[in-house]
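Residue-level listing of the chains:
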Amino acid sequence: DGICNEHYLVKEIDGVIGIYIINEKNEEELQEKTSIATKYLTDTDLKKIKEGIKAYGKEELNSILEDYE
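Let me sum up the structure you'll find in this document. (Residues numbered from 1 in each chain as written. Predicted model: local features only at pLDDT ≥ 70, side-chain atom pairs only at ≥ 80, totals over all residues. Heavy atoms only, no water.)

## Things to note about the packing of aromatic side chains
Part 1: Counting across every chain of the model gives zero aromatic pairs.
Part 2: Between the NZ or CZ atom of Lys11 and the centre of the ring of Tyr20, over which it lies, the distance is 5.8 Å. (Phe/Tyr/Trp six-rings, centres within 6.5 Å; stacked < 30°, edge-to-face > 60°. Lys NZ or Arg CZ within 6 Å of the ring centre and 35° of its normal.)

## So, the nonpolar core
Part 1: If you look at the biggest cluster of nonpolar residues, it comprises 14 residues, and the most contacted ones within it are Val10, Ile17, Ile49, Leu61, Leu65 and Tyr68.
Part 2: For this core, the secondary-structure elements that each account for two or more residues are β1 (7-13), β2 (16-22), β4 (53-56) and α2 (58-68).
Part 3: For this core, the leading source of residues is α2, giving four residues.
Part 4: Residue contacts for Val10: discarding those within four places in its chain leaves Ile17, Gly18, Ile49, Gly52, Ile53, Leu61, Ile64 and Leu65.
Part 5: Ranked by size, the runner-up nonpolar core spans five residues in total, among them Leu9, Ile13, Val16 and Tyr20. (Core = buried A, V, L, I, M, F, W, Y, C linked by side-chain atoms within 4.5 Å. Buried < 20%, exposed > 50% of the residue type's maximum accessible area, 1.4 Å probe, protein only. Helix = DSSP H or I, 4+ residues; strand = E, 2+ residues; numbered from the N terminus. Contact = heavy atoms within 4.5 Å.)

## So, the side chain of Thr38
Part 1: Mapped onto the fold, Thr38 is located in the loop between β3 (28-37) and α1 (43-51).
Part 2: Owing to a relative accessible area of 4%, Thr38 belongs among the buried residues under this scheme.
Part 3: With residues up to four places along the chain from it excluded, the contact list for Thr38 reads Glu12, Gly15, Val16, Ile17, Leu46 and Ile49.

Without other data, these values stay purely geometric and don't point to any function.
Shown next, in the form of structure tokens:
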């Protein structure tokens with residue numbers, strides 16, 4: 001279960017969805033703030049985003065982001 005820079009966390013930051021990379025020290029590093037506002041999400045989705053959604057690989061990351069666009 002090594003970290004390979006393909007481990008992402010999708011999480012709220014400043015009212016939008018942010019994309020974080022999980023580094024080799026298992027720390028979150030902000031990679032990008034999207035333009036997807038969290039205020040339009042359902043309560044269920046907002047709870048998931050506040051807790052953080054893990055994604056493995058860019059394909060899974062893109063799939064998660066498409067769900068919220």
